[in-house]
Amino acid sequence: MSDATKIRILDILEETMADGPGLRTSIYCAGCAHHCPGCHNPQSWDFKGGYEVTVDELLEVIKADEFANVTFSGGDPFYQVEAFTELARRIKEETGKTIWCYTGFTYEEIQEDPRLSQLLPYLDVLVDGPYVEALRDTDLRFRGSSNQRIIDLKGNYA
Ligand code: SF4
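So, here is what we can say about the structure in this document. (Residues numbered from 1 in each chain as written. Predicted model: local features only at pLDDT ≥ 70, side-chain atom pairs only at ≥ 80, totals over all residues. Heavy atoms only, no water.)

A word on helix H1 (residues 55–64)
Selection criterion: Accessibility here uses a 1.4 Å probe with only protein chains present; expressed as a share of the type maximum, an area under 20% marks a residue as buried, one over 50% as exposed, and anything in between as partly exposed. Going along the chain from the N terminus, every DSSP run of H or I of four or more residues is numbered as a helix, and every run of E of two or more is numbered as a strand. Think of it as the arc spanned by the lines of direction from the helix axis to the C-beta atoms. Whether two residues are in contact is decided by their heavy atoms: any pair within 4.5 Å suffices.
Here H1 has its buried residues at Val55, Leu58, Leu59 and Ile62. Projected down its long axis, H1 carries its buried residues within an arc of 100 degrees, all on one side. Residues of H1 that are exposed and angled more than 90 degrees away from the buried face: Glu60 and Ala64. Elements that come into contact with the buried residues of H1 comprise strand S1 (6–16), strand S2 (24–29), strand S3 (51–54), strand S4 (69–73) and helix H2 (81–94).

Structure below.
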């Protein structure tokens, strides 16, 4: 089990509009073992890449922007699921912000795994599945290939 108080990240983008609707604080974590051919960001695969920050430090950045919601991306946040669950729980308890989360796992794979699924109750939207180069579609909003789904977990975006 990984340390639930620290997250290894590559970058934090503030006020981005690329990772979900409206302004968002996007946290790009380090590490991904899906290794999708054609991945837009293979430098994010290294689990030892980037640097460690605490959940408290991330919360401070997130709270500093009153109007931005939050996106977890990577890499794949589900490889650091304990710490992202702690962060997501505190975002929900301490702010009114929505959380979108990108992952290379499918929703079904996450649901079937008790460790991975602990993050789901705190997410508003899951953008799921590996990037599949043959299904690449540049017209898609917020995802790279048509197998990936924008799953509205709380029914807020109908
Ligand atoms: S899941 Fe995302 S970051 Fe990981 S290899 Fe696939 S496209 Fe790249």
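Focus on the pairing of S1
Which entries qualify depends on this criterion: Should DSSP find at least two bridges between two strands, the strands are taken to pair.
Sheet analysis places S1 next to S3, joined by four bridges and oriented antiparallel. Counted as the bridge partner of Arg8 is Glu52 from S3. With five bridges joining them, S1 and S2 adopt antiparallel strand pairing. The residue bridging Ile12 from the neighbouring strand is Ile27, located in S2.

Digging into the sheet that holds S2
Under the convention used in this document: To obtain an axis, a line is fitted to C-alpha atoms, over the contacting stretch when the element is a helix, and the angle between two such axes runs from 0 to 180 degrees between their N-to-C directions.
Spatial strand order, S3-S1-S2-S4-S5-S6-S7: seven strands in an open sheet with mixed pairing. The open sheet has two free edges, formed respectively by S3 and strand S7 (149–152), since each of these has just one partner strand. Each strand of the sheet is rotated relative to its neighbour by a mean of 30 degrees, with strand direction disregarded. Here three bridges tie strand S5 (residues 99–102) to strand S6 (residues 125–128), and the two strands are oriented parallel to one another. Bridge pairing in S6 places Cys101 opposite Leu126. Contacts between H1 and the sheet are confined to S1, S2, S3 and S4, with S3 contributing the most and set at about 75 degrees to the helix. Packing of H2 onto the sheet brings it into contact with S1, S2, S4 and S5, and relative to S4 it is tilted by some 175 degrees.

A look at the site of the ligand
Basically, it comes down to this: Here a residue is near a molecule or strand as soon as one of its heavy atoms is found within 4 Å of it. Under the scheme applied, nonpolar residues are Ala, Val, Leu, Ile, Met, Phe, Trp, Tyr, Cys and Pro; charged residues are Asp, Glu, Lys and Arg; polar residues are all the others, including Gly.
What surrounds the ligand is the set Cys32, His34, His35, Cys36, Cys39, Ser44, Trp45, Gly75, Gly104 and Tyr131. Along the lines of polarity and charge, the residues of the shell around the ligand split into five nonpolar, five polar and no charged.

Quick word on the nonpolar core
Note the threshold: Take the buried Ala, Val, Leu, Ile, Met, Phe, Trp, Tyr and Cys residues and link them wherever side-chain atoms come within 4.5 Å; each set so joined is a nonpolar core.
In this structure, Phe72, Phe78, Leu87, Leu119 and Leu123 are the most contacted members of the largest nonpolar core, which totals 28 residues. Elements that contribute at least two residues to this core include exactly S1, S2, H1, S4, H2 and S5. Dropping the residues within four chain positions of it, Leu87 is found in contact with Ile7, Ile27, Val55, Leu58, Leu59, Ile62 and Phe72. Counting five residues, the second largest nonpolar core, distinct from the first, contains Tyr102, Val125, Val127 and Phe142.

What about the pattern of salt bridges?
Under the convention used in this document: A side-chain nitrogen of Lys or Arg and a carboxyl oxygen of Asp or Glu constitute a salt bridge if their distance falls within 4 Å.
Counted under the stated rule, the structure contains nine salt bridges. Across the pair Lys92 and Asp124 runs a salt bridge, and its minimum N-O distance is 2.6 Å. With a gap of 32 residues between them, Lys92 in helix H2 and Asp124 in the loop between helix H4 (114–117) and S6 connect regions that are remote in the sequence. On the accessibility criterion, Asp124 (4% relative accessible area) is buried. Note that Arg149 is salt-bridged to Asp128, the shortest N-O span being 2.5 Å. Of the two residues, Arg149 sits in strand S7 while Asp128 sits in strand S6, which places them 21 residues apart along the sequence. Residue Arg149 is classed as partly exposed on the basis of its relative accessible area, which comes to 32%. For Asp128, a relative accessible area of 1% gives the class buried. Residues participating in the shared-partner salt-bridge network are Asp56, Lys63, Arg90 and Glu94.

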